[in-house]
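Here are the chains, one letter per residue:
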Amino acid sequence: MAEQERFSVESDPSFTPFWRRLPSFFVYPMQMGSLVRLAVFSLAGSVAILLIGMFGVFIYLILWLVFFKYAFVVLERTANGRFDEPNNLDGNEVGEIGQVLRMIALFVILGIQVVLLSLLGTIGEGLGWLLVNIIPPAGIMIIATSRSLFQALNPGQIFFYIRTIGSPYLALCFLLLSVTSSGAWMQHFMHSHTNSWLVVPLTFFVQFYFTLITYNMMGYVIYQYHDKLGLHAEVSFEKAQEKIGPNKKAGDPFLAKLAALIAEGKEEEACGVLREELRTNWERNDLHERYQKLLMATGKKEQALQHALDFIGKLVLEKKMFQALDLCEQGLKADPAFQPRNADHVYDLAAAASLSNRPKLALDLMRGFDKRYPGHKHTAQVYLLSAKILDERYGKSQEAAKILRAVQAKFPDHAAAAEARKYLEVLARLDAAAQKVG
């Protein structure tokens, strides 16, 4: 995941960070849909406890599998900027059992590592404690976003998440540990001070309640840093901020003036006002976004494309690659010949597009690169990335092999040539295996 290291570690400064939203995480499970689910899960858990033998254990395990499916639905919705609960109780959003199984496998593997580390004595036990308290949140978030156990166990990917989120990641770990410990303390307190049969369903309810808080919190952290993590969210920061809190820019006199002009139907004047404002406030990306949307809305296609080129260059320099990709995609839809103005940015953008599961956009950005920029330093890397996308995303192994051989022939001393050779060997083995099966 080398390309990921290019991204900034700062989240959108206008978006409310997770540590200022703690009360909302505790309120989330109290919404009607979640309360109904938690109540049903709690009653089912009580029944499982009363049953004797393997059947009761089976019911208990199924119960937790179903609950964690729902927890992942909550996590993934929140990571997409959808902070309301899944409000359809008809089963449309049931989650994916594979996510739960990946998480269980992650915990089993981490548990084995902790046991092995404990054999090393005090130092090993300390490392095991760090492993079990620091790695799981990143692992769960990676599973939620990539649906891959391999990625969740990849040290490079784990380190990327931790480094990208930065010091707030440690705060997240502390909060998750605190929430989990609070739930455990409350369960112990109820068992110690309650003699009623209600203690059983209440204990289950507390377990589910506090667990759901942690998954909602992790989803919010993913959303807060999604652009820097190379992820695409359904809801923009601006729209999400409007839902969760007052707009900090609502008192901005310039934005008030701009809104008044648009409300009066004076889009042309609004465009001019925005253009002049950007001369002195070029650093404000929110104004660039408004200007871009206004130009497109008023049919000023050429001006919009020219501004998009300037804005893309600015975003790439700021390491806001995935916001830049959205602009590239819009530009290509408006004009198939649209390309970033700076040749040095093309490979970085294409790599980011591939990373965020936008292979077509990556290929569109790289198409004809060698002809547009003959002798460019990124040409070998562009060839290599194009070959990988053609093979891995579109199954065009023959076309990929042709490009890989071109890398070897044209750039024999480049590091990409060695990688191309290894990739060709893999393709040859796969082809040979396919012929044997055939």
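Our subject is the structure listed above.
Not measured: the values here are computed from a predicted model.

1. So, the pattern of salt bridges
Taken as a whole and assessed by the stated rule, the structure comprises 18 salt bridges. For Asp-364, the salt bridge identified is with Lys-360, shortest N-O distance 2.9 Å. With Asp-364 and Lys-360 both in helix α17 (residues 359-366) and four residues apart, this pair spans about one turn of that helix. Arg-367 serves as the salt-bridge partner of Asp-364, at 2.6 Å between the closest nitrogen and oxygen. Overall, Asp-364 belongs to the buried group, its relative accessible area being 14%.

2. Looking at helix α2 (residues 32-50)
Here α2 contains 19 residues, and its C-alpha end-to-end distance of 27 Å stays within 8% of the 27 Å for a straight helix at 1.5 Å per residue. Turning to α2, its buried residues number three or more, namely Gly-33, Ser-34, Arg-37, Leu-38, Phe-41, Ser-42, Gly-45, Ser-46 and Ala-48.

3. Some remarks on the nonpolar core
Judged by nonpolar contacts, the single largest core of 65 residues is most densely connected at Met-141, Tyr-169 and Tyr-215. Counting residues per element, the ones that place at least two in this core are α2, α3 (54-79), α4 (97-118), α5 (122-146), α7 (155-165), α8 (167-193), α9 (199-224) and α10 (237-244). The greatest single-element share of this core, amounting to 15 residues, is contributed by α9. Those residues in contact with Tyr-215, other than ones at most four positions away along the chain, are Phe-68, Ala-71, Phe-72, Leu-75, Met-103 and Ile-140.

4. Notes on empty space enclosed by the protein
Inspection of the entire model under this criterion finds one cavity of 30 Å³ or more. In this structure, the largest cavity occupies an estimated 40 Å³ of space. What lines the largest cavity is simply Gln-292, Met-296, Ala-304, Leu-305, Ala-308, Leu-327, Gln-330, Gly-331 and Ala-334. Contributing elements (two or more residues each) for the lining of the largest cavity: α13 (285-297), α14 (301-317) and α15 (321-334). At four residues, α15 tops the list of elements feeding residues into the lining of the largest cavity. Grouping the amino acids of the lining of the largest cavity by side-chain chemistry returns six nonpolar, three polar and no charged.

5. What to know about the packing of aromatic side chains
Per the stated rule, a full pass over the model turns up 20 aromatic pairs. Taken together, a centroid distance of 5.6 Å and an interplanar angle of 75 degrees make the contact between Phe-72 and Tyr-215 edge-to-face. Of this pair, Phe-72 sits in helix α3 while Tyr-215 sits in helix α9, and the two are 143 residues apart along the sequence. Of the two residues, Phe-72 and Tyr-215, neither departs from the other in class, the shared state being buried. Where Phe-369 meets Tyr-373, the ring centres are 5.1 Å apart and the plane angle is 55 degrees; that geometry is what we call tilted. Per residue, the accessibility class of Phe-369 equals that of Tyr-373, and both read buried. Each member of the aromatic cluster is reached from another via a ring pair, and the members are Phe-41, Tyr-60, Trp-64, Phe-67, Phe-68, Phe-72, Phe-204, Phe-208 and Tyr-215. Above the ring of Phe-83, the side-chain terminus of Arg-21 is found at 5.9 Å from the ring centroid.

Procedures and definitions
- Residues numbered from 1 in each chain as written.
- Predicted model: local features only at pLDDT ≥ 70, side-chain atom pairs only at ≥ 80, totals over all residues.
- Heavy atoms only, no water.
- Salt bridge = Lys/Arg side-chain N within 4 Å of Asp/Glu carboxyl O.
- Helix = DSSP H or I, 4+ residues; strand = E, 2+ residues; numbered from the N terminus.
- Buried < 20%, exposed > 50% of the residue type's maximum accessible area, 1.4 Å probe, protein only.
- Expected span 1.5 Å × (residues − 1).
- Core = buried A, V, L, I, M, F, W, Y, C linked by side-chain atoms within 4.5 Å.
- Contact = heavy atoms within 4.5 Å.
- 1 Å grid on protein atoms, 1.4 Å probe; cavity = no way out; pocket = protein on both sides within 12 Å on 5 of 7 lines; lining within 4 Å.
- Points joined across faces, edges and corners; volume = space filled by probe spheres on them.
- Nonpolar A, V, L, I, M, F, W, Y, C, P; charged D, E, K, R; others polar.
- Phe/Tyr/Trp six-rings, centres within 6.5 Å; stacked < 30°, edge-to-face > 60°.
- Lys NZ or Arg CZ within 6 Å of the ring centre and 35° of its normal.

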